[in-house]
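# What the coordinates show
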Amino acid sequence: YQSKCSEIVARYDGFVAKFMGDGLLAYFGFPRAHEDDAERAVRAALDIADAIPRIETRVGAPLNVRIGIATGVVVVGNLVGQGSAQEQAVVGETPNLAARLQALAAPGKVLIGETTRRLLGGTFELAPIGPQALKGFDAPIHAWAALREAENVSRFEAARSHAMSHFVGREHEIALLMDRWREASEGEGQVVLVSGEAGIGKSRILAALCEQIGDEPHIRMRYQCSPHHVNDAFYPISSQLWQAAGFSSGEPVTARLDKLEACIERSGLPPKDVAPLLAALFSTPLEGRYPKLEMAPVEQKERTIAALIAMFEALTRQAPVLALLEDLHWIDPTSLDVFSRLVDRAPKLRVLFVITYRPEFGAPWLGQAHVASLSLSRFARRQTLAIVDGVTGGKPMPREVLEQIVEKTDGVPLFVEELTKTVLESGLLREENGAYVLTSAMSPLAIPSTLQDSLMARLDRLAPVKEIAQIGAVIGREFTYGLLEAVAPIDGPPLEEALEQLTAAELIHARGQPPEATYVFKHALVQDAAYASLLKSRRHHWHQRIAEAIRDRLPETAEQQPGLIANHFTQAGLLEPAVEWWDCAGRCAMSRFANVEAVESYSKGLALLADLPKSEARARRMLSFRLAVGPALLAARGYASREVEHNYETAGALAESLNDRDAIFTSARGLWHYFYDRGDLARALALAERLLALATADANAEESGLALRALGSTRMNLAEFARAQTLFDECIAASAGSPIGVCFERHGEEPQIVATQYRGLVLCLQGFADLGLETTQSALALARRSNFPLGVAFARQIVGHMLALRRDYRACLALAKEHVEFCSEYGFVFWSAGSRVLHGIARAFVDGDRNGALEAETGIVEWMKTGAGLHVPTWCSLTASAALAVSDLELAEKSLVKGLDVAGKNGDVFALAELQRLTGCLLVKQNRRDEVRETFAEAIATAREQGARLYLLRAVRDLARLLAEDGERLRAVELLQPVVDDYPEHRNGLDYREACELLAGLR
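None of these values were measured; they are calculated from a predicted model.

Turning our attention to the sheet that holds strand E6 (residues 110-113). Pairing within the open sheet is mixed, and its four strands lie in the order E3-E6-E8-E7. At either end of the open sheet lies a strand with only one pairing partner, and these are strand E3 (67-69) and strand E7 (124-132). Between one strand axis and the next, the sheet turns by 30 degrees as a mean value, whatever way the strands run. The pairing of E6 with strand E8 (residues 141-149) spans three bridges and is classified as antiparallel.

This is the structure in structure tokens:
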């Protein structure tokens, strides 16, 4: 029993790990992986189930066997010792599942798990037995009984037991094949060799060609080579003949001979000369129907080849033949001889041979006039995304998921399709409003089980140098010769030879020559497979060696890429040095204004700190990280994001527990920023007053500037413009002695720059638009000199807002276009949304473009997606104004309703008078004149109370125009004249000129 089992397992390159009594544990894929290990395991299992009952026993009773098969990633250590000691060297739950399935199986049966079933596709006939509750598994396990190998199914069809995905790209290749098909159909036979790496789409092209040819009269013949039959003569030919004749397993000999004769007759040849030769291919007895073959093996082989070629040629005389020969790299020598002869004869036959193979195989027919060659390249990003779109049914996926798919699959169509399916089945995404959204934080995508065997097989074929590939995988997708040599167990010529082998096998690409060479894994998934094949302890070892080598031997790399060292120390499980280097990485990213990278670095450091024992030192370090990441969060996530709130709330609690006065102020100021930009002005006002009290108590000039800026900004949005201006003046005076840059590094802004730009806004609203523009422009100039991109984005937004208030729309459009590009470059999601509002309203006024107003509306939506409620009423007033300018009354009304609603809820009444005035303008266009006067009067009252002369001038002008139209010219003059006389400056502006022109017309 043991001998027979071992023999069968070895036949399929399996490894017998352990016998325990009557039990057997066998591995397929260890110590060397194959791309079809699941198939090998099931074939071996079926052979064992068939062979064991045939063993003769001393007691005469037949033996029986139950077999369970499970597939999954396991890491196998050194198989030493006996019994349980040996089993402990296997890491993974897969052996346990196989054992449970074995116990569940009936005598003589083979049960397989879900992952194995998926890998088999349609290669075997399976019978479902439903979900099973198995010990050690939380959820029921779906299982199937493997019955027998499926017949008449090609390798591609077996793998594609489900519907094929939408065909993408390859237009040139299909066109060439169809051109050759036309020539072949007219009697000039052609051969097309299609080469490409595994998964590149060779078989998919054949399927697409068959679809293109469709119902045209032709004969199709498919020859499938197999890795299991490279030494079986005539295998792809006999398999095709089996299918063409309609044979089935277990049928009577007479029935099979009848089918064989019918198949031969269809080709127009006499069965008596051919049938005995072909029957021998299937070991089918002749049953006296024909005389026995009495000839030497060599002669029989030659006559068989001649008969097969004669049948093939006869078929080409009946109709054009499409002959598909797949996976030529696995062909047996005899079949290769047959096809070589057919290829030579092809020009005189009506046949198109399409032959697929992998690049490592040297096709023998290249260079012949009737032989064309196609080498399939990987897909570009556009085609990769088209495959993803086909798998998802057109439903958009999150950008970060798409990027991982694109990065890891490297344009290999099969990889793209399988990884996308794995993501959809993983529970990582859910459908929402016709799109996929993440259900949890994004993590690295796992290798699909359908690709695991193929990837590991490529590594295992290079067993002597596999460790070098594994070390390279630990370093990363790209690694240098110098770093590899610093940590690898070999160096010099042996290392160079190992790398040459990996390059020749196309696992890695090389750039340059050692010692200056750089290497890149050809596929990200190959790197993942090499990394996953290491035991955890070995991974830790290599990560530590790599981190120390970069730190000690490559100082320039350590300085420029501290995150690289941090990541290796993290993966090595060395938390304290990892925290130190994540801190360095965060500071390095901040110095380059790489805010997203800074957030990631500090977040990783905080995650590691959480795993360290509690102590005051840990708390202080966590507080330091929280305060350091704050400015980066403001820039990368938006001032009003929940991450900002959580970060500063946590920092505040830590600061209070440590009684750290400076940190208490910094945390409170960060929280003020959150509530202010959230639009929660009541809580923002309370925090701003607390900040001023803290700063005053310590007589701290820097903190006073920050507190006054916070209080002034809050008062500004509460429309207390004169009071806000005073606070901004005090802020500028308090901050005058502080060097530019210190505040930005700690708080994400410079208070005197922000106070100056906001001072310009409130000046404009109070009627000083020229002075206001000059003030905001000076703030922008100062921000540019300070060289902080976030500060520049903030200041440019305010200048754009100022230009929009002045109705200088051409200047606003030019600035907004620059602003959009700038924010996009730096990833400022908050100001990027604001820039779209400005760009949209300027387009509407300058070009009369209705889409401009819609762009502004989109900008408001994006602004609010960051969590922001601040300035929404102002953006709505600008959008409504633009919508009215292009006669989009529906959008104007929508914007005004939203603006008034948000202003009422949040108390952000900065643009309340303008919203009220524009509502009156909308009512005029809607011919609701009975409501208009009251609405304009309301706007006038609001503007007077706020001291907003700009809004007052506009509202009075519009009401005066309405009064004049209604015949009340004197009243219109009495209303408008004092406001015009009181207007302090900007008398070349549109608002003032329109008011004066209206007055002149009324007299």
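In this section: the packing of helix H45 (residues 969-982) against helix H46 (residues 990-1002). The N-to-C vectors of H45 and H46 enclose an angle of 145 degrees; their axes lie 10 Å apart at closest approach. Seen from above, H45 lies across H46 with left-handed handedness. Seen from H45, the contacting residues are Arg 969, Ala 972, Val 973, Leu 976, Gln 977 and Val 980; seen from H46, they are Tyr 992, Ala 995, Cys 996, Leu 998, Leu 999, Gly 1001 and Leu 1002. Of the residues that constitute the contact of H45 with H46, the class distribution is ten nonpolar, two polar and one charged.

Turning our attention to empty space enclosed by the protein. Applying the stated criterion to the full structure yields five cavities of 30 Å³ or more. If you add up the space inside the largest cavity, you get close to 80 Å³. Lining the largest cavity are 14 residues; nearest its centre among them are Phe 744, Glu 749, Glu 750, Val 754 and Gly 791. Put simply, the parts of the chain that give the lining of the largest cavity at least two residues each are helix H34 (751-765), helix H35 (769-786) and helix H36 (789-806).

Our focus in this paragraph is unusual backbone geometry. Phi is mostly negative for residues that are not glycine, and the peptide bonds are mostly trans. The amide bond that connects Pro 514 to the next residue, Pro 515, takes the cis arrangement and shows omega of 10 degrees. Following the sequence through the fold, Pro 515 ends up in the loop between strand E17 (508-511) and strand E18 (518-521). The phi dihedral of Glu 287 is positive, around 55 degrees, even though this residue is not glycine. Residue position: Glu 287 is located in the loop between helix H11 (271-281) and helix H12 (297-318). Accessibility expressed as a relative area gives 52% for Glu 287, which makes it exposed. With a phi angle near 70 degrees, His 871 is a residue other than glycine that sits in the positive phi range.

Before going further, it helps to examine the packing of aromatic side chains. Enumeration over the complete set of coordinates arrives at 27 aromatic pairs. A ring pair is formed by Phe 830 and Trp 831, whose centres lie 4.9 Å apart and whose planes are at 80 degrees; its orientation type is edge-to-face. Take Phe 830: its relative accessible area is 1%, and that puts it in the buried class. Overall, Trp 831 belongs to the buried group, its relative accessible area being 3%.

Let's shift gears to the environment of Leu 654. Here Leu 654 is to be found in helix H28 (residues 642-658). When its relative accessible area of 15% is taken as the criterion, Leu 654 is described as buried. In sequence terms Leu 654 and Ile 664 are ten residues apart; their C-alpha atoms lie 8.6 Å from each other. Filtering out sequence-adjacent residues up to four positions away, Leu 654 remains in contact with Ala 619, Met 622, Leu 623 and Arg 626.

By size, the foremost hydrophobic cluster in this structure holds 208 residues, and its most contacted members are Leu 484, Leu 499, Met 716, Tyr 758, Trp 831 and Tyr 951. When sequence neighbours within four positions are dropped, the list of residues in contact with Leu 499 reads Ile 468, Phe 479, Tyr 481, Leu 484, Ile 508 and Tyr 519. Counting 52 residues, the second-largest nonpolar core is a separate cluster that includes Leu 241, Trp 242, Leu 260 and Ile 331.

If you trace the five strands from one edge of the open sheet to the other, you get E10-E11-E12-E9-E13, paired in parallel fashion. One side of each edge strand has no neighbouring strand; the edge strands of this open sheet are strand E10 (219-224) and strand E13 (371-375). Each adjacent strand pair in this sheet contributes to an overall mean axis angle of 15 degrees, direction not counted. For strand E9 (residues 190-195) and E13, the ladder comprises five bridges, and the chain directions are parallel. By the bridge assignment, Val 194 is partnered in E13 with Leu 374.

Glancing now at the side chain of Thr 94. Within the fold, Thr 94 resides in helix H4 (residues 94-104). The residues touching Thr 94, leaving out its near neighbours within four places in the chain, are Ala 70, Thr 71, Gly 72, Val 73 and Val 74.

Scoring rules and cut-offs
By convention here, each chain's residues receive numbers from 1 onward along its written sequence. Side-chain atom pairs in this predicted model are given and counted only at pLDDT of 80 or more, local residue features only at pLDDT of at least 70, and totals for whole chains, interfaces and linings cover all residues. Where side-chain values are given, they derive from all heavy atoms of the structure, hydrogens and water being excluded. Strand pairing requires that DSSP identify at least two bridges connecting the strands. Only DSSP runs of H or I reaching four residues or more are called helices, and only runs of E reaching two or more are called strands; each is numbered from the N terminus. Note on definitions: angles span 0 to 180 degrees between N-to-C directions of axes, and those axes are lines fitted to C-alpha atoms, for helices only across the stretch in contact. Definitions for this section: a left-handed crossing has its near helix turned counterclockwise from the far helix by less than a right angle. A right-handed crossing has that turn clockwise. Contact criterion: two residues are considered in contact whenever any of their non-hydrogen atoms come within 4.5 Å of each other. Three classes are used, and their members are as follows: Ala, Val, Leu, Ile, Met, Phe, Trp, Tyr, Cys and Pro are nonpolar, Asp, Glu, Lys and Arg are charged, and the others, Gly among them, are polar. Cavities and pockets were defined on a 1 Å grid built over protein atoms only: a cavity is a set of grid points that admits a 1.4 Å probe from which the probe cannot escape, a pocket is an open set flanked by protein on both sides within 12 Å along at least five of seven lines, and lining residues are those with an atom within 4 Å of any such point. Grid points are joined across faces, edges and corners, and a volume is the space filled by probe spheres set on the points. Think of it in three bands: residues with accessible area under 20% of the maximum for their type are buried, residues over 50% are exposed, and the middle band is partly exposed, with areas taken using a 1.4 Å probe on protein chains only. To pair, rings of Phe, Tyr and Trp, with the six-membered ring standing in for Trp, must have centres within 6.5 Å; the planes then decide the type, stacked if under 30 degrees apart, edge-to-face if over 60, and tilted in the middle. Buried residues of nine kinds, namely Ala, Val, Leu, Ile, Met, Phe, Trp, Tyr and Cys, make up a nonpolar core once their side-chain atoms join them within 4.5 Å.

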